[in-house]
Amino acid sequence: GSLLVMSVWALATFSILGVGVSRITSSQLALAKRVEERIVSQRAAEAALLHAMALRKADRTAYDTLQELGTSRQRQLGRATFGYTMVDEDSRLSVNAASQAVLARVPGFDLDAAVAITTSTLRPFHVIEELRAFDEEIPQEMLQEARPFLTVYGSGKVNINTAPLEVLQTLGLDPDLVETILAFRGGDDEEPGTADDRVFKSAGEIVNALRSYTGLLVSQEAALIQLIRQDLLDVRSTAVTLQVETTFLGKPVSSYTIVLDTAQGKVRRWSE
């Protein structure tokens, strides 16, 4: 009887120890898996960056389009994959280069916001979040509305091939001319970012291309020529944001936002 009781106690003790060890082992394995996923995900994001850099370096055209940059690219890397698209930073307005008049026309902004930005000792800004310092002149809701159209990267010129309606309007172009530009870009299917998109191949060709596409008013031609002479319009991107998604064993792991200065071949920002 004593031996039976001792055996039961020993069995119970070993069972408890076994459960404890099992739990510790499971937690360690889970932690190791998470660490492995994170390391592999970061390596996959780095591979995406290298892929994009090689792609941009091999691009021999003098222009960039929505269709070209917005194409989704994916690669399998053993047990991991990466996928990414590019967003043209030159499709937005540079808060470091735009004038007060231009910034005052940004959706959500007014003259007070434009003056605060252009007269700030923080200019040039390194990240767009620095604009949060202007709480009185630029309330959070105003900044939130304007944010999609602003950048601190790029050349300061707006890419007419990728800029949205709102950005083109801030340059002072009349609504009819902006609609003409967007219709020209949309191609026959009138859908931007597709294979039949029309392209402005150089800044000097913009007026002639639109003139051949449809009639332009003298005032519209003059407005375009003035912007080109002021170096405010271009057809190529000098900085892109990579929106990267990574997976490990078919499971989504992390998303990354990487800003690549293609003119200098440098990473300007990396966030996960």
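This text follows the structure it describes.
My aim in this report is to walk through the structure given alongside it, one point at a time.

Conventions we followed
Residues numbered from 1 in each chain as written. Predicted model: local features only at pLDDT ≥ 70, side-chain atom pairs only at ≥ 80, totals over all residues. Heavy atoms only, no water. Axes fitted to C-alpha atoms, helices over the stretch in contact; angles between N-to-C directions. Helix = DSSP H or I, 4+ residues; strand = E, 2+ residues; numbered from the N terminus. Parallel < 35°, antiparallel > 145°, perpendicular 65-115°, else oblique. Contact = heavy atoms within 4.5 Å. Nonpolar A, V, L, I, M, F, W, Y, C, P; charged D, E, K, R; others polar. Polar contact = N/O pair within 3.5 Å; in protein donor to acceptor, adjacent residues only side chain to side chain.

**Quick look at the packing of helix H7 (residues 175–186) against helix H8 (residues 206–213)**
Item 1. Relative to each other, H7 and H8 sit at 85 degrees, their axes nearing to 11 Å. On the basis of their axis angle, the class for H7 and H8 is roughly perpendicular. Facing Leu177, Thr180, Ile181, Ala183 and Phe184 of H7, the residues of H8 in contact are Ala209, Leu210 and Tyr213.
Item 2. Of the residues in the contact of H7 with H8, the class split is seven nonpolar, one polar and no charged.

**A word on unusual backbone geometry**
Item 1. Note that the residue after Arg123, namely Pro124, is joined by a cis bond; omega there is 5 degrees.
Item 2. Mapped onto the secondary structure, Pro124 falls in the loop between helix H4 (111–118) and helix H5 (140–146).
Item 3. With phi around 55 degrees, Leu249 is a residue other than glycine that occupies positive phi space.
Item 4. Checked against the element boundaries, Leu249 lands in the loop between strand E7 (239–248) and strand E8 (251–261).

**Focus on the side chain of Asp90**
Item 1. Locating Asp90 in the fold gives a position in the loop between strand E2 (80–88) and strand E3 (93–94).
Item 2. A distance of 2.6 Å separates a polar side-chain atom of Asp90 from the backbone nitrogen of Thr238.
Item 3. Excluding its chain neighbours within four sequence positions, the residues that come into contact with Asp90 are Gly154, Ser155, Gly156, Lys157, Val158, Asn159, Arg236, Ser237, Thr238 and Ala239.

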